Every structure is written in structure tokens, then in C-alpha cells.
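One letter stands for each residue in the lines below.
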Amino acid sequence: MCSQTALPSCNVFNACTPLSVLFPGRVLCDMIPCGEEEVDEAIKSAHSAYLKWSKLSGMERARIMLEAARIIRERRDEIARAEVANNGKSITEAQVDIDVAWQCIEYYAGIAPTLSGQHIQLPGGSFAYTRREPLGVCVGIGAWNYPFQIAAWKSAPALACGNAMVFKPSPMTPVTAVMLAEIYKEAGVPDGLFNVVQGGAETGGLLCHHPMVAKVSFTGSVPTGKKVMEMAAKGVKQVTLELGGKSPLIIFKDCELENAIKGALMANFLTQGEVCCNGTRVFVQREIMPQFLEEVVKRTKVISVGDPMCEETRMGALISKPHMEKVLGFIKQAKEQGAKVLCGGERFVPSDPKLKDGYFVSPCVLDNCRDDMTCVKEEIFGPVMSVLPFDTEDEVLQRANNTTFGLASGVFTRDIARAHRVAENLQAGTCYINNYNVGPVEVPFGGYKMSGFGRENGQVTIEYYSQLKTVVVEMGDVESFF
Ligand SMILES: NC(=O)C1=CN([C@@H]2O[C@H](COP(=O)(O)OP(=O)(O)OC[C@H]3O[C@@H](n4cnc5c(N)ncnc54)[C@H](O)[C@@H]3O)[C@@H](O)[C@H]2O)C=CC1
Ligand SMILES: C[N+](C)(C)CCCC(=O)O
């Protein structure tokens, strides 16, 4: 047993259990979900580690985190291959995900020694100062779309601030978070500082309710996010919620069309469309709609779908059979509601017999969409782009904001004033101008409205993994009313 990873009874091993993880229709591994005892043990061991880790200086924490980042860089291809088996995304994307993960750990290692408070002068030589202190044991609950990256996005700022983390990956993708735990251990964090527990909703609930947990950072769906918030509220625990989206991408007729087309593809087809910030409502100004559609369809049709381990592949398999059926169901319903499928939208069976049971869906572009259609209103989480015409800026802003989500948005235009005006008026946590789905770790990421709150990445995330203590120092005598 690696003390940093799962506890013995919750590690990923070959016991026959209710939770099975499938890859092209085959079992990847079996695991036993952690129960109350294991969760308690994981949290207590994290707490002991926290007591040591939080006493180190920022420089000492940084040195260990930089070593973890270095090991990830060294093992990048091996972790990326494991991520492909875990999730089904293409190896090319998985490699980028692993790079983003070590960059994130490096970035927060750089911030760790800079954590500081403020000095405030008061009358009579008295003064106050603030200290930025860790929260304690934080819980991370991950989704299946970016398994390793999410574990890094949550643990790096947590550890930089002096916290410990107990992380629960999605039961669909249990593999690579354990590799991260092993790497942190090898880099020199105290035993138990980053613990992985395996399991689903029940295990997640145990983590959210545990009295020794100070904070829960969650990535996943809106309904589960609400439950997590409710459970955390019972213990007055802090929460960060990274939830879903139905983000608008607005393409004006004065855009650089080639970039807008590339942007629309990047906004919809990364990780088989299973990306929370995807720009799935593509609003195109009416005058350029024919050229836009012609090019987007031409390029969507040639996206190579298939063996995710193959360097040439650009789109792998969806996460599971039920999810694939859900995505195909959305496309069927879109057709019934009047949308026109311009390409894709079908189960794809590769010629390679070993992939025949994989959950591949050909990337789909939907035309004739209206704002009231289900495919335009709900998060599909699959490779489905809905295209909608618009005429004016005011009209498109109103339509773009007419959603309960608010994770991301994008605008393509050459008019600099318009670009910033649109960015100001879009109700979303991120607005991309003349690009989409780039995610440098220096940049905060998170939602407005029902897409959640709190931020990941960037300097601001330090505030979500630390608390401020004020120390007031009297230099004179106490003035008492009594
Ligand atoms: N915002 C995002 O990045 C993501 C959004 N989704 C959306 O959610 C849909 C469903 O996917 P799921 O994996 O079922 O998402 P989910 O939101 O149910 O699960 C996310 C994580 O929460 C855990 N969890 C589930 N129920 C819980 C509970 N009651 N208490 C504590 N933790 C709990 C899961 O085990 C997993 O680790 C997708 O089809 C997609 O539309 C899914 C994954 C990521
Ligand atoms: C696409 N990217 C990497 C910019 C963000 C992914 C966020 C997520 O879906 O968890």
C-alpha cells in the first residue's frame, strides 16, 4: 500500500465489486468503494500530514511541489497513456492535459513562498497584521472528463497554501489520481497529505459530511453540485463549485473567418465534446452563415475518430455506453424538434475489430436550431455543435445570456471596441476574444450563475484555499469603559 494513495480496502484492485470501469466495452479494473471507516481513516491521516506540512515555510513546500512537477514531466507519456485508458480521449489531448497539470503545480509552487499578509498602522503606535493561513483538510471531488488535470487543479493551490487534500476521482476514471498521489509521495510530501479515496455518490457524501473537513472543491454536474453545497452547508464548510455550461460563442461578420472556424471547432470537439466550458451555442451573423457552415462542416467531417492511442486520432470514445446513448438521444430529439444534421451525430464503429465496442460518436453540426430547442438549452456533453443565426449585437447578447448557466463565452470580431463591449455584457466567468478553450494556468477559471462559484487557477484561487487571520497589537494601555 502506498500511504499517499488509497487505503488498502479502497485501492483499485481485482476484487469482484459493484463498480466496474469499462474501456471499449471491456473491464479496465474493479474497485471497492470506500466506506465510512476508510473515509475516516483517509481524513485523519491527511490531518496528521497537514499538521506537519502547514508548519513548513512556503519555500520548503515549493521545493517539494517543484519536484512533483518534475516527476510528472518525466513520466508524462506514461501518465498520458493511462489517462487515455481511463477516459478514452486522444493521446494528443491527454499529453496536453498532463502538461497543464505539471504547469499548474509549478505555478502554485511559485506562489507558495509569496503568501503574505498586510500590516496596518493604528493610532498610538498600535498596529494590526493579517496572516494568510491554511484551512486544514480539503476535499476534492473530480469529474471524469479531465481526471488527472482536475486532481492537479485542486491539489496544487491547496498544497501551496499548506492544506492537505483527500481526493475522490469519478468512479468512471479511478486510475490517474492514484498516480498523482504516488508522485507527490515520491517528491517528499508527508505521508497522507494527498490521499485518494475511490467510490461514487455515497463515498462523496461521506467526505462532504465529515466534521474534520474544512472545504469541498467539486467539479461535475449542477444537480450533484447542489447536493454537495447542501451537505457542506450543514458543517459550514467552504465550497468551490465548477459545474456545467451551455456557453455561447458569438461570431460577427467582421471576424477573421479562418480563426473563427478553428475557434468553433476548438470550442466544441475537444475531449469528444465532454468539456464543461464548451461553446456549444454558436451564434453566427446571418451574412456569413453560408461560408461558415460550409467550412465548419467540411472540417468536422474529416476529424479522425477512432483509436485514442494513435497519434493521428483527433477524437476518441465517449466515457460510457449510457452517456453515449444520452448524447445520441439529444441528437434524435434535436431532429424531432426541427434541427438539421449537417454531418455526424451517429455511433461510429471503427474498422479495427478491437475497437468495435467502443463508444464513438461522429462529431455533429446541427443547423436550423432555435433558442427553445432542447439541444440549445441543455448541456449535451458530447460532440454536438448547435449553430444559430443572429442579426444584431443587442439581440445576440440578450439571447446568449438567456440561460441559467454562465461558465464561459466567446466572441470573434475584428472590432476592438465591440469585442470588449461584448465581453463586458456577457454573463459568464470567462470570455474568450478571438479564441476559445485556451486555459493557461495563470488565468482564473470558474462560473457565473448556476455554473458555480469560486475559481480554479490563477492567483485568486489562493483566497479559496486559505483564510485570513487578523492580529491586533496594542502598544499602549487598555482603555476600558468599565
Ligand atoms: N462540469 C463538468 O466539468 C462536468 C459536468 N458533467 C455533467 O454531468 C453529467 C453527469 O455526469 P456524472 O459523472 O454523473 O456527474 P456528477 O456530477 O454526478 O459526478 C461528479 C463527481 O461527483 C461525485 N458524486 C456524485 N454524487 C455525489 C454526491 N451525492 N455527493 C458527493 N459526490 C457525488 C461523483 O462520484 C463524481 O466524482 C454529464 O453528463 C455532464 O453533463 C460531468 C462531468 C464533468
Ligand atoms: C478545456 N479546458 C482545458 C480549457 C478546460 C477544461 C475544464 C473542464 O472541463 O474541467
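This is a predicted model, so every value here is computed, not measured.

Q: Before we move on, can you summarise the overall build of the chain with the specific residues and values?
A: Scanning the chain for helices and strands turns up 15 helices and 20 strands. Its C-alpha atoms give the chain a radius of gyration of 24 Å, within 12% of the compact-globule value 23 Å for 482 residues. Excluding contacts between residues fewer than 6 apart, the proportion of contacts in the chain whose partners are at least 24 apart in sequence is 73%. With the model as given, the accessible surface of the chain reaches about 20100 Å², and the carbon-plus-sulfur share is 54%.

Q: Describe the site of ligand 1, listing the residues and the values that go with them.
A: The environment of ligand 1 is formed by 29 residues, the closest being G142, W144, K168, S221 and K326. A distance of 2.7 Å is found between an oxygen atom of ligand 1 and a side-chain nitrogen or oxygen belonging to S221. Here an oxygen atom of ligand 1 sits 2.9 Å away from a polar atom, N or O, in the side chain of T224. At the level of elements, α7 (201-209), β8 (213-219), α8 (222-234) and α11 (321-336) are the ones that each hand at least two residues to the shell around ligand 1.

Q: Mind laying out helix α3 (residues 76-87), listing which residues take part and the relevant values?
A: Because an α-helix packs 3.6 residues into every turn, residues spaced three or four apart end up facing the same way. The end-to-end C-alpha distance of α3 is 16 Å, a good match for the 16 Å that twelve residues give at a rise of 1.5 Å each. Among the residues of α3, I79, A80, A82, E83, V84, A85, N86 and N87 are the ones counted as buried.

Q: Run through the site of ligand 2, naming residues and quoting values.
A: Within the structure, ligand 2 sits among N145, Y146, Q149, V275, C276, C277, N437 and F445. Residue N145 places a side-chain N or O atom 3.1 Å away from an oxygen atom belonging to ligand 2. Here an oxygen atom of ligand 2 sits 3.2 Å away from a polar atom, N or O, in the main chain of C276. Surface burial for ligand 2 is 92%, taken as the share of its 320 Å² of free accessible area covered by protein chains.

Q: Provide a residue-level description of unusual backbone geometry, including the pertinent values.
A: The backbone of K449 sits at a positive phi, close to 50 degrees, despite the residue not being glycine. K449 gets classed as partly exposed once you look at its relative accessible area, which sits at 37%. The backbone phi angle of N457 is positive, close to 70 degrees, even though this residue is not glycine. Of note, N457 is situated in the loop between β19 (452-453) and α15 (461-464). For N457, a relative accessible area of 1% gives the class buried.

Q: Could you give an account of the packing of α3 against helix α5 (residues 147-160), with specific residues and numbers?
A: Where α3 meets α5, the axes come as close as 9 Å, and the angle between the chain directions of the two elements is 115 degrees. Judged by the angle between their axes, α3 and α5 are roughly perpendicular. Across the interface between the two elements, I79, E83, N86 and N87 from α3 touch P147, F148 and Q149 from α5.

What counts, and where the lines are drawn
Residues numbered from 1 in each chain as written. Chains lettered and ligands numbered in written order. Predicted model: local features only at pLDDT ≥ 70, side-chain atom pairs only at ≥ 80, totals over all residues. Heavy atoms only, no water. Helix = DSSP H or I, 4+ residues; strand = E, 2+ residues; numbered from the N terminus. Rg over C-alpha atoms; globule rule 2.2 N^0.38 Å. Contact = heavy atoms within 4.5 Å. Areas by Shrake-Rupley, 256 points an atom, 1.4 Å probe, with all protein chains shown as cover. Near = heavy atom within 4 Å. Polar contact = N/O pair within 3.5 Å; in protein donor to acceptor, adjacent residues only side chain to side chain. Expected span 1.5 Å × (residues − 1). Buried < 20%, exposed > 50% of the residue type's maximum accessible area, 1.4 Å probe, protein only. Axes fitted to C-alpha atoms, helices over the stretch in contact; angles between N-to-C directions. Parallel < 35°, antiparallel > 145°, perpendicular 65-115°, else oblique.

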